[in-house]
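Single-letter residue listing:
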Amino acid sequence: MGFSTDCIHAGQEPEPVTGAVTFPIFQTSTYVQPRLGEHKGWEYARTKNPTRSVLEANLAALERGKHGHCFASGMSAIDVVFRTLAKGDHVVAGENMYGGSYRLFSKVLEKFGLEFSYVDTSKVDAVRAAIRPATKIVFLETPTNPMMTLTDIAACAEVAHAGGALVVVDNTFCSPYLQRPLELGADVVVHSTTKFLNGHSDSVGGAVICNSDQLAEKIGFLQNAVGAILSPFDSWLVLRGVKTLAVRMKRHEENGVAMANYLAHHPKAKKVYYPGLPDHPQHALAKRQMDGFGAMISFELGSYQNAKKFLDRVRLCSLGESLGGVETLISHPETMTHASVPIADRQRLGITSGLVRISVGIEDIEDLIADVENAFEGV
Ligand SMILES: Cc1ncc(COP(=O)(O)O)c(C=O)c1O
């Protein structure tokens, strides 16, 4: 089926008992077993829950993958992928990524004996050079948070596979509407469902999608063993959010392009980072790899004072962490999402005191531009 149809129907048969058109929230912790040693496939709700299973099937279909597993947050989804590794294993990761992923790698997983090399994954040669015999995963975020740098997934997959490593892509910024990494050769897709997938800023969750039966079995084992599962209610919220993913993303995209063009022509925005702009260093790759350019834009205001004046004046845009909601969210990566990245790395990557990130929502673009225009007047 087409993507929009799958958003609404994939994995979702009408509920068998009543025919309820909306799959119900199975708010239960356990299931009665008719006789000792016999059950209906449902034993305990950490292991499996019907509402979660439907969402898992739905997200797997949208990513054009075979298996989905959902977790309590994007971070717990990423964490579980790395729990498939063992002490001494090596990971190549992008030098710019969501600050929380970097924090998980550097402050938590390294303590358990995993080794990480951080490279500019937009350069395939840098990825190739970093791969060692012990490399098990190449972890990519594309576009990156917040610098909007793109990585060629297909080229990296070729290099990683030649070195015996899997490619894991954080597809949170794009959602499968804009990019399907498994089709490009990646082995695993991770998501913070908190963002575009749910889309309404009312649930925190994560997902892991893959094609390999063997890997899916490991992820399923860890989902149950570690227990950071997505609740039935949150599963239902994401299912509900995903039904409108295609129409929301179409509008996010239109507004994103319009906002980026407005910012690119504004004299107070010293630099604009958006893959849809022709001067973006990977604009050609964006056209090839993505089905649009998305709604995430970062721009440089030159100093902390300018960023503060700007952010203090926005009214319609909500100042806050997170992204991907129907409402426009605006943030200051240096002090918010990327505060855990060492200052020298932040400066090298361009995460400066003057950098502002905007997740363009689906409001009327004229209202959004008027709000941003008014904020610029204070700078
Ligand atoms: C790209 C990316 N990946 C993962 C995460 C983590 O997701 P969560 O907040 O659901 O744990 C975020 C959060 O902002 C993110 O931006």
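Higher on the page you've got the structure.
These numbers come from a predicted model, not from an experiment. Each chain has its residues counted from 1, running along the sequence as written. Whole-chain, interface and lining totals are the exception, using all residues; otherwise, since this is a predicted model, local features are given only for residues with pLDDT of at least 70 and side-chain atom pairs are given and counted only at 80 or more. Hydrogens and water are ignored here; the side-chain numbers use all heavy atoms of the structure.

## Brief notes about the site of the ligand
Nearness is defined per residue: one heavy atom within 4 Å of the molecule or strand is enough. Gly74, Met75, Asp170, Ser192 and Thr194 are the nearest of the 13 residues found near the ligand. Nitrogen and oxygen atoms within 3.5 Å of one another constitute a polar contact, given that in protein one can donate a hydrogen and the other can accept it, and given that sequence-neighbouring residues count only through two side-chain atoms. Contact distances for the ligand include 3.1 Å between an oxygen atom and a side-chain N or O atom of Asn145. The separation between an oxygen atom of the ligand and a polar side-chain atom of Ser192 is 2.8 Å. Values of accessible area rely on a 1.4 Å probe in the Shrake-Rupley scheme; residue burial ignores everything except the protein chains shown. Coverage of the ligand by the protein chains reaches 92% of its 390 Å² of free accessible surface. Here the term charged refers only to Asp, Glu, Lys and Arg, the term nonpolar to Ala, Val, Leu, Ile, Met, Phe, Trp, Tyr, Cys and Pro, and the term polar to all other amino acids, Gly among them. Residue composition of the shell around the ligand, by class: 3 nonpolar, 7 polar and 3 charged.

## What about the sheet that holds strand β4 (residues 135–141)?
Should DSSP find at least two bridges between two strands, the strands are regarded as paired. Secondary structure counts use DSSP, requiring at least four H or I residues in a row for a helix and at least two E residues in a row for a strand, with both numbered from the N terminus. Read across the open sheet, the 7 strands follow the order β1-β7-β6-β5-β4-β2-β3; overall the sheet is mixed. Each of the sheet's edge strands pairs with one partner strand only, and the pair in question is β1 (67–71) and β3 (115–119). Sheet twist, expressed as the average angle between the axes of neighbouring strands with direction ignored, equals 20°. As paired strands, β1 and strand β7 (residues 206–210) are joined by 5 bridges and run antiparallel to one another. Axis definition: a line fitted to C-alpha atoms, limited for helices to the stretch in contact. Angles are taken between N-to-C directions and run from 0 to 180 degrees.

## Notes on the pattern of salt bridges
Salt bridges are identified by distance alone: a Lys or Arg side-chain nitrogen within 4 Å of an Asp or Glu carboxyl oxygen. Evaluated as defined, the whole model comprises 17 salt bridges. A salt bridge links Arg83 to Asp79; the nearest nitrogen and oxygen atoms lie 2.7 Å apart. Exposure categories follow from relative accessible area, calculated using a 1.4 Å probe and restricted to protein chains: below 20% of the type maximum is buried, above 50% is exposed, and the middle band is partly exposed. On the accessibility criterion, Asp79 (11% relative accessible area) is buried. The shortest N-O distance in the salt bridge between Lys136 and Asp89 comes to 3.4 Å. Placement of the pair is Lys136 in strand β4 and Asp89 in the loop between α3 (74–82) and β2 (90–94), with a sequence separation of 47 residues. On the accessibility criterion, Lys136 (34% relative accessible area) is partly exposed.

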